[in-house]
Amino acid sequence: MNPYIHAKNNIFLAPLAGITDQAFRQIASEQGAGLTYTEMVSAKGLKFHNRRTFDLLGVSEAEGRAAVQLFGREPETIARTAAMLEQVMGEKIALFDVNMGCPAPKIVNNGEGSALMKEPRLAGEIICALKKAVKNPVTAKFRKGFDAAHANCVLFAEVLEQAGADGIAVHGRLREQYYEGKADWDAIAEVKRAVRIPVIANGDVFAPEDAQAILRHTGADGVMVARGALGNPQIFGQIRGYLERGTYERPSLSEKVETALRQARLAIEQKGEEIAMKEFRKHAAWYVKGIAGAAKLRQRAVSLSSYQELVAFFESLLASADKK
């Protein structure tokens, strides 16, 4: 089974906790992302019908289908939760992905996320249970390894393939690195050579040139963009253009502002202004990254509390840019 059968292309938006909400995923999809992933969702939280957990799974018509990323360590809980979601969400689901790479202490301390890389057998049991429970494709996202002494991504990939995984995404960093240092693309290439299922490469893709380089270096079947998309969802269209034609266009400042405001409006429609604007502050700061005076702008961004304040924030940015 091709797990990415519903993808429009092989350039994916990575799952990012607290970031890849419905509004941001819709914007990324409109800008050219071939497949988008939900924030990681607790299988146990869904099992107990936690309302906030369910809220993470909204998928708009414009987005089409999204990959649903679950996390946990109990095979049966994950399997039952996925089966329930398949019934409830239907054709909004592109595939189920299991988070086996999150480095956050609160996740790792529960034996979830990247902690599963220390338990390949359990990871395989999770994939096996999930495959038996759902009709949709099943994939997993993991890292190079947990730490330098356990850089076991190749073995881990082989275990997941044998358990029935339809595809995998590999982030070329150890858990102990978090997001520091340089991603190891050689490790991803080793994984690609070791398995027959599709491999998606992730790590240090901040520009179209990076996407082309990681695909060539690793031989991967697709590329996953994470931090490179923050404040810059246009990167998906840029990568596609670069891979197809060898050229791409950079968005103008006014285009970036227009995209940011649209994302904010979508978030407000989905969550209400108060919650949406609190959560959008970090996005506003990312959208101004690289612009002259960005440090001062980011200081203003952290106190935005209404859509009108956001509009005024970007209008002042455009006005100051026009004077230069």
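In what follows, the structure referred to is the one given above.
The sections below set out a description of the structure shown in this document. Please read these numbers as outputs of a predicted model, since none were measured by experiment. (Residues numbered from 1 in each chain as written. Predicted model: local features only at pLDDT ≥ 70, side-chain atom pairs only at ≥ 80, totals over all residues. Heavy atoms only, no water.)

1. A closer look at the overall build of the protein chain
Next up, step 1: Along the backbone of the protein chain there are 14 helices and nine strands.
Next up, step 2: In terms of overall size, the protein chain behaves like a compact globule, its C-alpha atoms giving a radius of gyration of 19 Å where 324 residues would be expected to give roughly 20 Å.
Next up, step 3: For the protein chain, the spread of C-alpha atoms along the three principal axes comes to 60 × 45 × 35 Å.
Next up, step 4: Expressed as a percentage of the 324 residues in the protein chain, the buried residues total 57%.
Next up, step 5: When contacts within the protein chain are restricted to residue pairs at least 6 apart in sequence, long-range pairs at least 24 apart make up 68% of them.
Next up, step 6: Here the protein chain displays about 14500 Å² of accessible surface, and carbon together with sulfur accounts for 49% of that area. (Helix = DSSP H or I, 4+ residues; strand = E, 2+ residues; numbered from the N terminus. Rg over C-alpha atoms; globule rule 2.2 N^0.38 Å. Buried < 20%, exposed > 50% of the residue type's maximum accessible area, 1.4 Å probe, protein only. Contact = heavy atoms within 4.5 Å. Areas by Shrake-Rupley, 256 points an atom, 1.4 Å probe, with all protein chains shown as cover.)

2. Quick notes on the packing of helix H11 (residues 253–271) against helix H12 (residues 273–287)
Next up, step 1: The geometry of H11 relative to H12 is characterised by a closest axis approach of 8 Å and an angle of 155 degrees between their N-to-C directions. In terms of axis orientation, H11 runs roughly antiparallel to H12. Here the hand of the crossing between H11 and H12 comes out right-handed. Contact with H11, carried on its side by Lys256, Thr259, Ala260, Gln263, Ala264, Ala267, Ile268 and Lys271, involves Glu273, Ile275, Ala276, Met277, Glu279, Phe280, His283 and Tyr287 of H12 and no other residues of that element.
Next up, step 2: The class makeup of the residues in the contact of H11 with H12 is nine nonpolar, three polar and four charged. (Axes fitted to C-alpha atoms, helices over the stretch in contact; angles between N-to-C directions. Parallel < 35°, antiparallel > 145°, perpendicular 65-115°, else oblique. Left-handed = near helix turned anticlockwise from the far one by under 90°. Nonpolar A, V, L, I, M, F, W, Y, C, P; charged D, E, K, R; others polar.)

3. With respect to the nonpolar core
Next up, step 1: Membership of the largest hydrophobic core comes to 75 residues, with the highest contact counts inside it found for Met100, Phe142, Leu160 and Ile168.
Next up, step 2: Core analysis: the next-biggest nonpolar cluster, separate from the first, contains 24 residues, Ala267, Met277, Phe280 and Phe313 among them. (Core = buried A, V, L, I, M, F, W, Y, C linked by side-chain atoms within 4.5 Å.)

4. Some remarks on the sheet that holds strand S3 (residues 41–42)
Next up, step 1: Strand order in the open sheet formed by nine strands is S2-S1-S9-S8-S7-S6-S5-S4-S3, with parallel pairing between adjacent strands. Both edges of this open sheet fall to strand S2 (35–36) and S3, since each of them pairs with a single strand only.
Next up, step 2: Bridging between strand S7 (residues 167–174) and strand S8 (residues 199–202) involves four bridges; their strand directions are parallel. Bridge assignment links His171 to a residue of S8, and that residue is Asn202.
Next up, step 3: Along the sheet face, helix H10 (residues 235–245) touches strand S1 (11–13) and strand S9 (222–225) and points at about 165 degrees away from the line of S1. (Pairing = 2+ DSSP bridges.)

5. Here's the deal with the pairing of strand S6 (residues 138–145)
Next up, step 1: Most of S6 is tucked away, with seven of its eight residues classed as buried.
Next up, step 2: Note that strand S5 (residues 93–100) and S6 share five bridges and pair parallel. Each bridged residue has a counterpart across the sheet, and for Asn99 the counterpart in S6 is Lys141.
Next up, step 3: What joins S6 to S7 is helix H7 (residues 153–163), and the crossover it makes is right-handed. (Right-handed = clockwise from strand over helix to strand, strands pointing away.)

6. Considering helix H1 (residues 22–30)
Next up, step 1: Burial within H1 is extensive, with eight of its nine residues counted as buried.
Next up, step 2: In the stretch just after H1, Gly32 is the one whose phi turns positive, near 120 degrees.

7. Remarks on the pattern of salt bridges
Next up, step 1: Across all of its chains, the model carries 16 salt bridges by this definition.
Next up, step 2: Of the charged contacts in the structure, one is a salt bridge between Lys271 and Glu279, with a shortest N-O distance of 2.4 Å.
Next up, step 3: Residue class for Glu279 comes out partly exposed when judged on its relative accessible area of 32%.
Next up, step 4: The network of salt bridges with common partners includes Asp21, Lys271 and Glu279. (Salt bridge = Lys/Arg side-chain N within 4 Å of Asp/Glu carboxyl O.)

8. Considerations on the packing of helix H6 (residues 120–133) against H7
Next up, step 1: Between H6 and H7, the shortest axis-to-axis distance is 8 Å and the interhelical angle comes to 30 degrees. By the angle between their directions, the pair H6 and H7 is classed as roughly parallel. The element H6 and its partner H7 pack so that their crossing is right-handed. In this structure, H6 contributes Pro120, Ala123, Gly124, Ile127 and Cys128 to the contact, and H7 contributes Phe156, Val159, Leu160 and Ala163.
Next up, step 2: Partitioning the contact of H6 with H7 into residue classes produces eight nonpolar, one polar and no charged.

9. Quick notes on the side chain of Glu63
Next up, step 1: Relative to the assigned elements, Glu63 resides in the loop between helix H3 (51–55) and strand S4 (66–71).
Next up, step 2: With a relative accessible area of 2%, Glu63 lands in the buried category.
Next up, step 3: Reaching out from Glu63, the side chain makes a polar contact with the side chain of Arg25 at a distance of 2.6 Å.
Next up, step 4: If we ignore the near neighbours within four places in the chain, the residues touching Glu63 are Lys8, Gln22, Arg25, Ser29, Thr36 and Gly58. (Polar contact = N/O pair within 3.5 Å; in protein donor to acceptor, adjacent residues only side chain to side chain.)

10. Quick notes on the environment of Glu190
Next up, step 1: Here Glu190 lies in helix H8 (residues 185–194).
Next up, step 2: Spatially, the C-alpha atoms of Glu190 and Gln270 are 42 Å apart, while their sequence positions differ by 80 residues.

All quantities given are derived from atomic positions and should not be read as evidence of function.
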